[in-house]
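Architecture and fold: a report
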Amino acid sequence: MMPCYQLPISQMRRFGLALMLPVALLGVAFPNQLQTATAQTPRENRPLTIRADVQEYDAKNQVITARGNVQMSYPARQIQATSAQAQYFSKERRIDFSGNVYILQQGGNSIRAEKVTYLIDQGRFVALPQSNRQVESIYMIQESDNDGQTAKPAPQTPPFKRSN
């Protein structure tokens, strides 16, 4: 066999294709594995990572659609999310989550809803419930006053009086 540095270019290309074909086929043979996409947000240039069973990218509209076991990590904003589907609209700097959405922020704040829109530039969440249900949010509130001392307990609420 001739050493590869002496092979003509066409034979080297065929050899390279022969090595790459099995790798390419592995990607097609196992479509149920999680697909990962990392989007760069233009102003901060920090990664936003989305993992899902299937992902599509619409280059014309600059929209990433992720479906199935969606997991999002956005370390710059200390946010993690899971849902059935997510769409990242890079032009609008918006992420739409749908289907059993759970969003967790560092510090313990969380949202559970059927649909949540995250407006990246505003740092704002808009959550909608499933029909006949409610959105659930949990906020961790630190109990201290401005001097760093523990706050006094809230005064007792008077009993409810009915008016006839």
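Residues numbered from 1 in each chain as written. Predicted model: local features only at pLDDT ≥ 70, side-chain atom pairs only at ≥ 80, totals over all residues. Heavy atoms only, no water.

On to the overall build of the chain, then. Helix and strand counts for the chain come out as 1 helix and 9 strands. For the chain, the succession of helices and strands along the chain, N to C, is α-β-β-β-β-β-β-β-β-β. Counting only residues that meet the buried cut, the chain has 20% of its 164 residues in that class. Pairs at least 24 apart in sequence give 29% of the contacts found in the chain among residues at least 6 apart. Carbon and sulfur atoms form 52% of the exposed surface of the chain, whose accessible area is close to 12600 Å². (Helix = DSSP H or I, 4+ residues; strand = E, 2+ residues; numbered from the N terminus. Buried < 20%, exposed > 50% of the residue type's maximum accessible area, 1.4 Å probe, protein only. Contact = heavy atoms within 4.5 Å. Areas by Shrake-Rupley, 256 points an atom, 1.4 Å probe, with all protein chains shown as cover.)

The next thing to look at is the packing of aromatic side chains. Considering all chains together, one arrives at 1 aromatic pair under this definition. Each ring, one from Tyr118 and one from Phe125, has its centre 4.6 Å from the other, and the planes form 25 degrees; the classification is stacked. Look at Tyr118 and you get buried, because its relative accessible area is 2%. Residue class for Phe125 comes out partly exposed when judged on its relative accessible area of 21%. (Phe/Tyr/Trp six-rings, centres within 6.5 Å; stacked < 30°, edge-to-face > 60°.)

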